[in-house]
Amino acid sequence: MGIVTGFFDFILSYLPGVILLVFVSGLILLYVSDRHQVDHTIRRNYPVVGRLRYKFEEMGVFFRQYFFAQDREEMPFNRADRTWVYQAAKQESTLQAFGSTRLQHEGDVLFANSVFPYTGNEEPQQQVFGPYCPNPYSTDKIFHISGMSFGAISKPAVKALVAGAREAGVWINTGEGGASTEHLQGGADVVYQIGTAKYGVRNADGSLSDEKLKIVADNNNVKMFEIKLSQGAKPGKGGILPADKVTAEIAAQRGIPEGKASISPPTHQEIQCFDDLYSFIRHVRLVTEKPVGIKLCVGNIGEFREMLTTLINRASAASADISESDAKQKAFDDVIKAFAPDFITLDGGNGGTGAAPMSLIDAAGMNLQESLPLVSNLLTELNLKDRIKLVASGKLITPVDVAWALCAGADAVTTARGFMFSLGCIQALQCHKNSCPTGITTHDKRLQAGLDPINKSVRVAAYANEMHKELETIAKSCGVSSPAKLSRKNALIYTSNQHAKPMQEVYK
Ligand SMILES: Cc1cc2nc3c(=O)[nH]c(=O)nc-3n(C[C@H](O)[C@H](O)[C@H](O)COP(=O)(O)O)c2cc1C
């Protein structure tokens, strides 16, 4: 007993000295290492303490988000908007108290409420995509899940999104990585995206495989196809999946080597001009017998006009030699039916991505606030608005954003990041690093374990449902029976902090 007590006394009397010695030796080692390394100037000039800078820089993101940033300040999404999505997803009350904290900026929308709000309950309107193809797609929903590839997002995230989409009756776009088993067997309506690398439907040389495309099209859950020309966050650049996210499963699905970055080409090898584009659209529709759309971000509205007039010119050329007016019109219409895309997904330059160069994310492509009114005007001017549905995406995550887009001319809206928030995304901005703390954009099993697909699928559906409910509230306040009937008459746009003008005047 005495020996044991003596041993502990001995240890305790020397322990503080030993700890101090280890600590001081550690500091000396760090000091020497900092002084002698040449990579970091701050550490060389301020040994040991200079290291704190890196830690603070890393932690600053979180401090700003939780303690310092105001509700309407954060980027890309402010806390007020994210909170609305979180509450909707968790089926908590989205009601607000006391008054608005939203400052009015130039370009912001204000809905034109009516003296006579609509009080009836109209059946939701059906929208038909691809009315001239053998299998048109009909939906009464307006708000859907935008493309995010399996690869950019994790398997549990895909599972939750697919199950949530099925529950809410909205579509989910596969993104350019091809369709996973979860997409194909989950029972939700799927829009299959054909990216420039044709993942999932490619031949060895990267061209489109009609056989593989037909197999995908034969799946009843796949309702439409979307040919991706560009994406708002990185127009002019193909998809980027960093090497550490290319797992064996993802590599197999895409038909590429495991552990090597997956970089898609900037364009489709089949599409070198607008005529090629229309031929490709027609070809995909003939093979799939389903509606086919295109996704792009507009940079140059003149080029977009040229894209549409190429179609009109093709139709005019086909009907030029016909003199009888009905037959002439029919020949013209037949070309439009055969070659026009069934929908255009217009992505905003302010859109999201799993990974992109900062210069493109920050400064390439028109924001939706600019492009949507222009594109809608052009479709109307060229008499294509009824033929081609307009789907808008790009930071449209709250009912105000979505209703603005509907008023401006969109027929439907999709969001990627809105649904990521519904899955629990905290905007940690780690999507490109395989270290997403919420398991959404990582293939690290430890981090994925926190994301329960069943629990989160309920949130995905709840977000979509609450969105549709509140869109209806806005529509009714404007005296309109359903969100699909919102138009420019129902909104004003702030042209300066003091003045709001009718949307029709601002967007004419
Ligand atoms: C993680 C992530 C992955 C994405 N992957 C794709 C993709 O594969 N194909 C595509 O066309 N767009 C992709 N996008 C862009 C979105 O589909 C969408 O166009 C864009 O984020 C704008 O919508 P949002 O602002 O609502 O997120 C991705 C976006 C994110 C955040």
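Anything mentioned here points back to the structure above.
Here is what the cut-offs are and how they apply
- Residues numbered from 1 in each chain as written.
- Predicted model: local features only at pLDDT ≥ 70, side-chain atom pairs only at ≥ 80, totals over all residues.
- Heavy atoms only, no water.
- Helix = DSSP H or I, 4+ residues; strand = E, 2+ residues; numbered from the N terminus.
- Buried < 20%, exposed > 50% of the residue type's maximum accessible area, 1.4 Å probe, protein only.
- Contact = heavy atoms within 4.5 Å.
- Areas by Shrake-Rupley, 256 points an atom, 1.4 Å probe, with all protein chains shown as cover.
- Lys, Arg positive; Asp, Glu negative; His and termini not counted.
- Charge placed at Lys NZ, Arg CZ, Asp CG, Glu CD.
- Pairing = 2+ DSSP bridges.
- Disulfide = S-S within 2.5 Å.
- Axes fitted to C-alpha atoms, helices over the stretch in contact; angles between N-to-C directions.
- Parallel < 35°, antiparallel > 145°, perpendicular 65-115°, else oblique.
- Near = heavy atom within 4 Å.
- Polar contact = N/O pair within 3.5 Å; in protein donor to acceptor, adjacent residues only side chain to side chain.
- Nonpolar A, V, L, I, M, F, W, Y, C, P; charged D, E, K, R; others polar.
- Core = buried A, V, L, I, M, F, W, Y, C linked by side-chain atoms within 4.5 Å.

Enquirer: Tell me about the overall build of the protein, residues and numbers included.
Expert: Helix and strand counts for the protein stand at 18 helices and 15 strands. Within the protein, buried positions represent 48% of all 508 residues. Taking all contacts inside the protein whose residues are at least 6 apart in sequence as the whole, residues at least 24 apart take part in 67%. Here the protein has roughly 24,800 Å² of accessible surface; of this, 57% comes from carbon and sulfur atoms. Charge centroids of the protein, computed over 53 positive and 52 negative side chains, lie 4 Å from each other.

Enquirer: An account of the pairing of strand E7 (residues 222-228) is needed here, citing residue identities and associated values.
Expert: Here E7 lies mainly inside the structure; six of its seven residues are buried. With five bridges joining them, strand E6 (residues 189-194) and E7 adopt parallel strand pairing. Paired with tyrosine 192 across the bridge in E7 is phenylalanine 225. Two strands pair when backbone bridges link them, and E7 and strand E10 (residues 292-296) are joined in this way by four bridges, in the parallel orientation. Bridged to lysine 228 within E10 is lysine 295.

Enquirer: With reference to specific residues and values, describe the state of the cysteines.
Expert: Overall, the coordinates contain zero disulfides when judged by the stated rule. Lacking any disulfide linkage, cysteine 297 is separated from the closest cysteine sulfur, that of cysteine 431, by 19 Å. With no disulfide partner, cysteine 436 has as its closest neighbouring cysteine sulfur the one in cysteine 431, 6.5 Å distant. Cysteine 436 gets classed as buried once you look at its relative accessible area, which sits at 8%.

Enquirer: Tell me about the packing of helix H13 (residues 368-381) against helix H14 (residues 399-408), residues and numbers included.
Expert: Put simply, H13 and H14 touch, their axes get as near as 9 Å, and they point 30° apart. What the angle tells us is that H13 and H14 run roughly parallel. In this structure, H13 uses Leu368, Gln369, Leu372, Pro373 and Ser376 to contact H14, whose residues at the interface are Trp404, Ala405 and Ala408.

Enquirer: Can you lay out the site of the ligand for me, pointing to particular residues and giving the numbers?
Expert: Around the ligand, the surrounding shell holds 23 residues, and the nearest of these are Ser146, Gly147, Lys395, Thr415 and Arg417. Arginine 417 places a side-chain nitrogen or oxygen 2.7 Å from an oxygen atom of the ligand. Here the ligand loses 98% of its free accessible area of 610 Å² to cover by the protein chains. Residue composition of the shell around the ligand, by class: four nonpolar, 13 polar and six charged.

Enquirer: Describe the nonpolar core, naming the residues involved and giving the relevant values.
Expert: For soluble globular proteins, nonpolar side chains are generally found buried alongside one another. Core analysis: the largest hydrophobic core is formed by 113 residues, its most contacted members being Phe225, Leu372, Trp404 and Tyr463. Excluding residues within four positions of it along the chain, tyrosine 463 makes contact with Trp84, Val85, Ala88, Ala89, Phe143, Ile397, Thr415, Gly418, Phe419 and Ser422. Among the nonpolar cores identified, the runner-up in size contains eight residues, and Trp171, Val191, Met224 and Val391 belong to it.

Enquirer: Report on the environment of aspartate 39, specifying residues and quantitative values.
Expert: Within the element layout of this structure, aspartate 39 appears in the loop between helix H1 (2-36) and helix H2 (41-45). With relative accessibility at 66%, the residue aspartate 39 sits in the exposed group. Along the sequence, aspartate 39 and alanine 204 sit 165 residues apart, while their C-alpha atoms lie 43 Å from each other.

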